[in-house]
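Observations on the model geometry
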Amino acid sequence: MTGAVIAIGGSEAKTGNMSVLKRVLAEAPGQRVHVITTATSYPDDAKIKYEDAFHVLGIDDITVSHIDSRAQANSSIIASQILAADVIFFSGGDQLRLSFNLAGTAVLGAIRQAHENGAVIAGTSEGRQYCLA
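Residues numbered from 1 in each chain as written. Predicted model: local features only at pLDDT ≥ 70, side-chain atom pairs only at ≥ 80, totals over all residues. Heavy atoms only, no water.

Considering the nonpolar core
- Counting residues in hydrophobic clusters, the biggest one holds 20 residues, and the most contacted among them are Val24, Val33, Val35, Phe54, Val87, Phe89 and Val120.
- Among the elements of the structure, β1 (5-8), α1 (19-27), β2 (32-36), α2 (43-56), β3 (61-65), β4 (87-90) and β5 (120-124) are those that each provide at least two residues to this core.
- Counting residues per element, this core draws most heavily on α2, at four residues.
- Residues in contact with valine 24, not counting those within four places in the same chain, are Ile6, Ile8, Val87, Val120 and Ala122.
- By size, the runner-up hydrophobic cluster in this structure holds 18 residues, among which are Ile67, Val107, Ala110 and Ile121. (Core = buried A, V, L, I, M, F, W, Y, C linked by side-chain atoms within 4.5 Å. Buried < 20%, exposed > 50% of the residue type's maximum accessible area, 1.4 Å probe, protein only. Helix = DSSP H or I, 4+ residues; strand = E, 2+ residues; numbered from the N terminus. Contact = heavy atoms within 4.5 Å.)

As for unusual backbone geometry
- Even without being a glycine, methionine 18 presents a positive backbone phi close to 50°.
- Considering the arrangement of structural elements, one finds methionine 18 in the loop between β1 and α1.

A look at the pattern of salt bridges
- All told, the structure shown has three salt bridges when counted by the stated rule.
- Between arginine 23 and glutamate 27 there is a salt bridge, and its shortest N-O distance comes to 3.0 Å. One end of the pair, arginine 23, and the other, glutamate 27, are both in helix α1, four residues apart, so they sit about a helical turn from each other.
- A relative accessible area of 51% places arginine 23 in the exposed class. (Salt bridge = Lys/Arg side-chain N within 4 Å of Asp/Glu carboxyl O.)

Given below as structure tokens:
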């Protein structure tokens, strides 16, 4: 059962109604969220904003990874965390960072396997481009 792919136009609300993030969660088979902030130049800010938003929506199992090297992208620990996720969410930023760091790695393999197993793949701004690749 392949999971949904949700490409978000950008700047989805991380406060207030958060209807887009609610929809992402509604499509998910469970409540484990893994946010990948690799594309952004501000990973610490993105981490805090997404953790806060998902906590407000009742999600307690949130992992955030800023994968900034191919060595990290081949980490079996990160790959196993992604395999366990019900939602894999790409933050916006520079799509080339995603392609350069993730292409052909264990993490990308884990993303694809998780999606085939039913996990939702979602991304905003430039992250949406990668979730469709």
